[in-house]
Amino acid sequence: MDSHIPSPPTRRLSMGERENAIDRTIPLFPPAAEIDEFNYFDNNEPPEYLEGMIRGAQEFVKFHRNGRVVLVTSGGTTVPLENQTVRFIDNFSAGTRGATSAEYFLENGYAVIFLHRQFSLLPYSRHYSHSTNCFLDFMEEKDGKVVVDPKYQEEMLSVLRKYQTAKDHNLLLLLPFTTINQYLHTLRALSVTLRPLKSRALFYLAAAVSDFFVPLHRIPEHKIQSKAGGSKLVMNLDPVPKFLHRLVDKWAPGAMIVSFKLETDSSILLSKARQALERYAHQLVIGNLLQTRKAEVVFVEPDKTELWIRLTPAQEATGVDIESLIIPAIIQRHDIWIKQSGN
Ligand code: PAZ
């Protein structure tokens, strides 16, 4: 008997098929207008916790009314496919950019509202989570007590001090989201909360926000059932309205707004970043490529040539965070923005 098990017939996609798998000829989806805002927010309910969350944010903003506050968004939004959600669409973002950036803003005197994907990386604790080391690997037993392993003492003490300072001075407010709908409702409500700060409010939008979603009226209540015969699941997703222009113009007029643009194809990164800047009329787009995002980014600003910020090979080798270069460059621009705004 032949013990060889023939492999099932497979067919690899040719390059041409892959290139054409998505129709890229679809015209640009226009920025959301007022009517799109009403449509979206009236038809997709706010999360139940939102009011309480915003009360906390109002207290925080009041506490820092004479200082600078940055809203950092971080991590990926999910798109639920069922109301009682078993399945959802997600993306790759771990929240490294946002959590690391928040630390550098805090070190530079900003109060930080950290709007993040629940269970993604957080400022300070990121050093000891989501890695191949579990936090217990940083500990050891000594005389029947748990202590930090001596080889991590120095670094952990430095991280702990920064964390305690942020806590003691009420400088860090952690607000979670999971779904695209929770994210959008919270972003809008927070924008309004930050308005009294005028130009001292800074938006640093590093979250990886879904471009497509299932509107509430089309989400099935229960788990989608597979049918006998293995029929396909065909999804019908709507584009997520592009609210950045509303944020710039209506939700937080006067604030400085920085958004990120992620691409995987280097040949379109600059044009897409420039296009975003022109469409939404904000102050800065930071372009980055999925593959190199931890080593280089590009600043795209109105009336300026692009500025690349790159780690040197030595910096890369010694684990310097690119955010330690990005944040001071942004703060420089925020200083100018505040001066020019006169408030
Ligand atoms: O979370 P992370 O550090 O793994 O990735 C950061 C990032 C690439 C999501 C961020 O730098 C970014 O580009 N955010 C915007 C993505 C977008 O174009 O929607």
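In case you missed it, the structure is sitting above this.
An account of the accompanying structure is given in this report. (Residues numbered from 1 in each chain as written. Predicted model: local features only at pLDDT ≥ 70, side-chain atom pairs only at ≥ 80, totals over all residues. Heavy atoms only, no water.)

Tallied over the full model, the rule gives one cavity of 30 Å³ or more. Within this model, the largest cavity holds a volume of roughly 40 Å³. Lining the largest cavity, in full, are Ser191, Leu194, Arg195, Lys198, Ala201, Phe203, Ala252, Pro253 and Ala255. Residue assignment for the lining of the largest cavity shows that the elements contributing at least two residues are α6 (180–194) and β8 (201–205). Taken together, the residues of the lining of the largest cavity sort by class into six nonpolar, one polar and two charged. (1 Å grid on protein atoms, 1.4 Å probe; cavity = no way out; pocket = protein on both sides within 12 Å on 5 of 7 lines; lining within 4 Å. Points joined across faces, edges and corners; volume = space filled by probe spheres on them. Helix = DSSP H or I, 4+ residues; strand = E, 2+ residues; numbered from the N terminus. Nonpolar A, V, L, I, M, F, W, Y, C, P; charged D, E, K, R; others polar.)

Turning next to the sheet that holds strand β7 (residues 172–177). On the basis of which strands lie adjacent, the open sheet formed by eight strands has the order β7-β4-β1-β8-β11-β12-β13-β14 and mixed pairing. Each edge of the open sheet is held by one strand with a lone partner, namely β7 and β14 (307–310). Averaged over all pairs of adjacent strands, the angle between strand axes in this sheet comes to 20°, irrespective of strand direction. Helix α10 (residues 323–341) contacts β8, β11 (256–263), β12 (284–289), β13 (296–300) and β14 of the sheet and is inclined by roughly 145° relative to β8. (Pairing = 2+ DSSP bridges. Axes fitted to C-alpha atoms, helices over the stretch in contact; angles between N-to-C directions. Contact = heavy atoms within 4.5 Å.)

Looking now at the site of the ligand. Close to the ligand lie 14 residues; Ser93, Gly95, Arg97, Leu262 and Asn288 are nearest. In the model, an oxygen atom of the ligand is placed 3.3 Å from a nitrogen or oxygen of the Thr96 main chain. At 2.9 Å from an oxygen atom of the ligand is found a main-chain nitrogen or oxygen belonging to Leu262. Relative to its unbound accessible area of 470 Å², the ligand is 90% covered by the protein chains. (Near = heavy atom within 4 Å. Polar contact = N/O pair within 3.5 Å; in protein donor to acceptor, adjacent residues only side chain to side chain. Areas by Shrake-Rupley, 256 points an atom, 1.4 Å probe, with all protein chains shown as cover.)

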